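Coordinate analysis (summary)
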Amino acid sequence: MSIVLWLAALGGTSGGFLADWTRRPQSVLVVGCIMFALLMMALPRSTAVIPLVITIGLISALPSGPIMSLPARVLQPETRAIGMGIFYTVYYAAMMLGPAVAGAIAKSTGSAAAAFDFGTAALLACPVLLWGYNRIVAPRPQAA
């Protein structure tokens, strides 16, 4: 897994560059999450572990830049500090609870693949949540 983490450092930078270069950050986010989910689903079911781990490392962090830029679309300068505080509180709570839930699922099913499947489901939920986010922050007509 250290291979994943080292390569993800490059992947995060690449994802931000790709999002800016294509001017389609949400497409990078969605494609990155789907690719990462497919790789997570394949990992426990394949014997080609090293190539999959390397690919996961390169792909996994592509959506990170576009995800972290989402709050800027809705936060006004006067609410940005508290908004980002709430955003990062929820983010770090999810990052703390996700592995614990995945571990509990793996323990209860007796299969490490179940933890990867949980991660796959979480990744596939991201495009759906992005769709909901876009519906909430869609430009609304301003009163005169």
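We now turn to the structure provided with this report. (Residues numbered from 1 in each chain as written. Predicted model: local features only at pLDDT ≥ 70, side-chain atom pairs only at ≥ 80, totals over all residues. Heavy atoms only, no water.)

Even without glycine at this site, Arg23 takes up a positive phi of about 60°. Relative to the helices and strands, Arg23 is located in the loop between α1 (2-22) and α2 (25-42). Of the residues examined, Arg23 reaches a relative accessible area of 73% and is grouped as exposed. (Helix = DSSP H or I, 4+ residues; strand = E, 2+ residues; numbered from the N terminus. Buried < 20%, exposed > 50% of the residue type's maximum accessible area, 1.4 Å probe, protein only.)

Looking now at the environment of Val53. Structurally, Val53 can be placed in helix α3 (residues 49-59). Here Val53 falls in the buried class, since its relative accessible area comes to 6%. For Val53 and Ala115, which are 62 residues apart along the polypeptide, the C-alpha to C-alpha distance reads 16 Å. Residues within four places of Val53 in sequence aside, it is in contact with Met1, Ile3, Val4 and Leu43. (Contact = heavy atoms within 4.5 Å.)

Ranked by size, the top nonpolar core spans 12 residues in total: Val4, Phe36, Ala37, Leu39, Met40, Leu43, Leu52, Val53, Ile56, Ile59, Leu62 and Leu123. Those elements that provide at least two residues to this core are α2 and α3. For Ile56, the contacting residues outside a window of four places in its chain are Val4, Phe36, Leu39, Met40 and Leu43. Membership of the second largest hydrophobic core comes to 6 residues, among which are Leu29, Leu130, Tyr133 and Val137. (Core = buried A, V, L, I, M, F, W, Y, C linked by side-chain atoms within 4.5 Å.)

Moving on: α1. Note that an α-helix has 3.6 residues per turn; residues three or four places apart therefore point the same way. With 21 residues, α1 should cover 30 Å at 1.5 Å per step; its first-to-last C-alpha distance of 30 Å lies within 8% of that length. At Ala8, α1 shows its largest kink, close to 30°. Regarding α1, the residues found buried are Val4, Leu7, Ala8, Gly11, Gly12, Gly15 and Ala19. The inward-facing, buried residues of α1 contact α2, α3 and α4 (64-69). Phi for Arg23, located one or two positions after α1, is positive at around 60°. (Expected span 1.5 Å × (residues − 1). Bend = angle between axes of the 7 residues up to and from the residue.)

Okay, the side chain of Ser60 next. Counting through the fold element by element, Ser60 comes out in the loop between α3 and α4. Residues in contact with Ser60, not counting those within four places in the same chain, are Val4, Ala8 and Phe36.

This part is about the pattern of salt bridges. Counted by the stated rule, this structure contains 1 salt bridge. Between Arg45 and Asp117 there is a salt bridge whose closest N-O contact spans 2.8 Å. Taken as a pair, Arg45 in the loop between α2 and α3 and Asp117 in helix α7 (residues 112-137) lie far apart in primary sequence, 72 residues in all. Its relative accessible area of 29% is what places Asp117 among the partly exposed residues. (Salt bridge = Lys/Arg side-chain N within 4 Å of Asp/Glu carboxyl O.)

What follows is about the packing of helix α6 (residues 80-109) against α7. Direction vectors running N to C along α6 and α7 enclose 140°, while the axes themselves pass 7 Å from each other. Considered as vectors, α6 and α7 are oriented oblique to each other. The handedness of the crossing between α6 and α7 comes out as right-handed. Between α6 and α7, the contacting residues are Gly98, Val101, Ala102, Ile105, Ala106 and Thr109 on the first element and Ala112, Ala114, Ala115 and Phe118 on the second. For the contact of α6 with α7, the per-class residue count stands at 8 nonpolar, 2 polar and no charged. (Axes fitted to C-alpha atoms, helices over the stretch in contact; angles between N-to-C directions. Parallel < 35°, antiparallel > 145°, perpendicular 65-115°, else oblique. Left-handed = near helix turned anticlockwise from the far one by under 90°. Nonpolar A, V, L, I, M, F, W, Y, C, P; charged D, E, K, R; others polar.)

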